[in-house]
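As a plain string of letters, each chain reads:
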Amino acid sequence: MRIDILTLFPGMFEGPLTESIIDRARGKGHLDLHFHDLRTFGLGRYHQVDDAPYGGGAGMVMRADVIVKAIETVLGEGNKGNKRKKRTKGKPWRIYLSPRGERLTQAGVEKLAKHEWLLLLCGHYEGIDQRVIDGGWIDEEISIGDYVLTGGEIPAMVLIDAVARQIPGVLGKDESALEESFSAALGRKKEYPHYTRPEEFRGLPVPAVLLSGHHKEIEKWRKANVRA
Ligand code: 4FD
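Being a predicted model, the structure only gives us computed values, none of them experimental.

Chemist: Quick rundown of the overall build of the chain? Include the residues and the values.
Modeler: Of the regular secondary structure elements, the chain holds 6 helices and 9 strands. In terms of overall size, the chain is more extended than a compact globule, its C-alpha atoms giving a radius of gyration of 22 Å where 228 residues would be expected to give roughly 17 Å. Partitioning the contacts of the chain with sequence separation of at least 6, the portion at a separation of at least 24 is 72%. Accessible surface computed for the chain: about 13900 Å², of which carbon and sulfur atoms make up 53%.

Here it is, written out as structure tokens:
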């Protein structure tokens, strides 16, 4: 999967996406991340990207002309100069991360993972000019939860991580995403609790059934200990 990220702070993505499973996925070619600094599409000597809101009020709004120029540039990039005919045929599914968006769920993550190409727009300030959305330059407005952050970068990283681990080959056999919290296999419920050695820790035992070797009983215990 290719993911293009439009952001004012490309540096924010360095840590979380260059470690562990996500770094390995990028190395193996499962995940191809492209970062674009929105400032480079800004206007004038100071590369202005935002302006005061019409109607007055606090904060600044990201300009529609700047954002649409960035989106259209990425659309063109993904489709040309790709000599080896690698992925990115067609158009990206364009997502705007915003507290006004539809809440992201595991089922939503699984749907997003079916796309070959995503484009993520990270907003700042009070968000973006509504005409970017109303004009059809965004396919889906997504929120990771009901709280406000300083920018859409962390939500974008959350989405990338959740989607990447659904791509076939990204997780090893031991990390499988088949029977985990919110999976279809567990009826979208939360996973049962886990235990490992030692058998007793500071007076706390491991539930006896898990030591019994009775696979049927263990299965029953786990099904009974998922959470709504
Ligand atoms: N809950 C989320 C997304 C972005 C964000 C922003 C309007 C602020 C939280 C549009 C206001 C974007 C989320 C940037 N905070 N901050 O997913």
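Next comes the rest of the write-up.
Chemist: Let's hear about the sheet that holds strand β1 (residues 2–7): which residues, and what values?
Modeler: Pairing in this open sheet of 5 strands is parallel, and the strands run β2-β1-β6-β5-β7 from one edge to the other. Among the strands making up the open sheet, the edge pair consists of β2 (32–37) and β7 (140–143). Neighbour to neighbour, the strand axes of the sheet diverge by 30° on average, direction disregarded.

Chemist: Describe the nonpolar core, listing the residues and the values that go with them.
Modeler: Ranked by size, the top nonpolar core spans 28 residues in total, and within it I3, L31, L120 and L159 carry the most contacts. Contributing elements (two or more residues each) for this core: β1, α1 (20–27), β5 (93–103), α3 (106–112), β6 (117–122) and α5 (153–164). No other element matches the 7 residues that α5 contributes to this core. In this structure, L31 is in contact with M1, I3, I22, A25, R26, I160, A164 and I167, ignoring residues within four places of it in sequence. Grouped together as the second largest cluster of nonpolar side chains are 21 residues, M62, A70, L121 and I128 included.

Chemist: Tell me what's going on with the packing of aromatic side chains, and back it up with residues and numbers.
Modeler: Enumeration according to the criterion identifies 2 aromatic pairs in this entry. Between F13 and F35, the ring centres sit 5.1 Å apart and the planes meet at 40°, which makes this aromatic pair tilted. With F13 in the loop between β1 and α1 and F35 in strand β2, this residue pair connects regions lying 22 residues apart in the sequence.

Chemist: Describe in detail the pattern of salt bridges, supporting the description with residues and values.
Modeler: Inspection of every chain in the model, using the stated rule, returns 11 salt bridges. Note that R2 is salt-bridged to D4, the shortest N-O span being 2.6 Å. Taken as a pair, R2 and D4 share a single burial class, namely buried. In this structure, R188 and E110 form a salt bridge, with 2.9 Å as the shortest nitrogen-oxygen distance. Here R188, found in the loop between α5 and β8 (200–201), pairs with E110, found in helix α3; they are 78 residues apart in sequence, far enough to count as distant. Among the ionic contacts, a cluster of salt bridges with common partners joins D51, R63 and D65.

Chemist: Residue-level account of unusual backbone geometry, with values.
Modeler: Cis peptide bonds are those with omega within 30 degrees of zero, and the linkage from R197 to P198 qualifies with 5°. Within the element layout of this structure, P198 appears in the loop between α5 and β8. Phi angles above zero are rare outside glycine, and Y125 is one such case at about 55°. Looking at where Y125 falls in the secondary structure, it is placed in the loop between β6 and α4 (131–134). Non-glycine residue R188 carries a positive phi angle of around 65°.

Chemist: Tell me about the site of the ligand, and please be specific about residues and values.
Modeler: Around the ligand lies a shell of 17 residues, among which Y96, I144, G145, Y147 and L149 are the nearest. Contact between the ligand and I144: an oxygen atom at 2.8 Å from a main-chain N or O atom of the residue. The protein chains hide 93% of the 410 Å² of surface that the ligand would expose on its own. The site holding the ligand turns out to be the largest pocket. Of all the elements, β5 adds the most residues to the shell around the ligand, at 4 residues. Of the residues assigned to the shell around the ligand, the class counts are 9 nonpolar, 7 polar and 1 charged.

Chemist: Which residues make up the layout of surface pockets, and what are the values?
Modeler: Taken as a whole, the largest pocket holds about 410 Å³ of empty space. Taken together, 25 residues form the lining of the largest pocket, with Y96, L97, S98, P99 and G127 sitting closest to its centre. Taken together, the elements giving at least two residues each to the lining of the largest pocket come down to β5 and β7. Taken together, the residues that form the lining of the largest pocket break down as 12 nonpolar, 10 polar and 3 charged. Considering only enclosed or pocket space, the second largest pocket measures out at about 240 Å³ in volume.

Definitions and limits used
- One numbering rule holds for all chains: residues counted from 1, following each sequence as written.
- This being a predicted model, a pLDDT of at least 70 is required before a residue's local features are given, and a value of 80 or more before pairs of side-chain atoms are given or counted; all residues contribute to the totals for chains, interfaces and linings.
- For the side-chain quantities, the full set of heavy atoms in the structure was used; hydrogens and water were omitted.
- Comment: elements are numbered from the N terminus, with helices defined as DSSP H or I runs of at least four residues and strands as E runs of at least two.
- Between the two quantities, the radius of gyration covers C-alpha atoms and the globule rule is 2.2 Å times the number of residues to the power 0.38.
- Any pair of residues with heavy atoms lying within 4.5 Å of one another is described as a contacting pair.
- In this description, accessible areas are obtained by the Shrake-Rupley approach with a 1.4 Å probe, and a residue is regarded as covered only by the protein chains that are shown.
- Strands were regarded as paired on the criterion that DSSP finds at least two bridges between them.
- An axis is simply a line fitted to the C-alpha atoms; with a helix, the fit covers only the stretch in contact. Between two such axes, the angle follows the N-to-C directions and lies from 0 to 180 degrees.
- Put simply, a nonpolar core is a bunch of buried Ala, Val, Leu, Ile, Met, Phe, Trp, Tyr and Cys residues held in one set by side-chain atoms that sit within 4.5 Å of each other.
- Throughout, exposure labels follow a simple rule: accessible area from a 1.4 Å probe, protein chains only, divided by the maximum for the residue type, with under 20% read as buried, over 50% as exposed, and the rest as partly exposed.
- Pairs were defined over the aromatic rings of Phe, Tyr and Trp, the Trp ring being its six-membered one, requiring ring centres within 6.5 Å. Orientation was assigned from the angle between planes: stacked under 30 degrees, edge-to-face over 60, tilted for the rest.
- The term salt bridge refers to a side-chain nitrogen of Lys or Arg lying within 4 Å of a carboxyl oxygen of Asp or Glu.
- For this purpose, a residue is taken to be near a molecule or strand whenever a single non-hydrogen atom of the residue falls within 4 Å of it.
- Residues adjacent in sequence count toward polar contacts only when both atoms are side-chain atoms; beyond that, a polar contact is any pair of N or O atoms within 3.5 Å, and within protein one must be able to donate a hydrogen and the other to accept it.
- The distinction between a cavity and a pocket rests on a 1 Å grid over the protein atoms alone: a 1.4 Å probe fits inside a cavity but cannot get out, while a pocket stays open yet meets protein on both sides within 12 Å along at least five of seven lines, and a residue with an atom within 4 Å of a point counts as lining.
- More than half of a molecule's atoms within 2 Å of the grid points is what it takes for that molecule to sit in a cavity or pocket.
- Gly counts as polar in this scheme, as do all residues outside two lists: the nonpolar Ala, Val, Leu, Ile, Met, Phe, Trp, Tyr, Cys and Pro, and the charged Asp, Glu, Lys and Arg.
- Grid points are joined across faces, edges and corners, and a volume is the space filled by probe spheres set on the points.

Any functional reading would require information beyond the geometric quantities listed.
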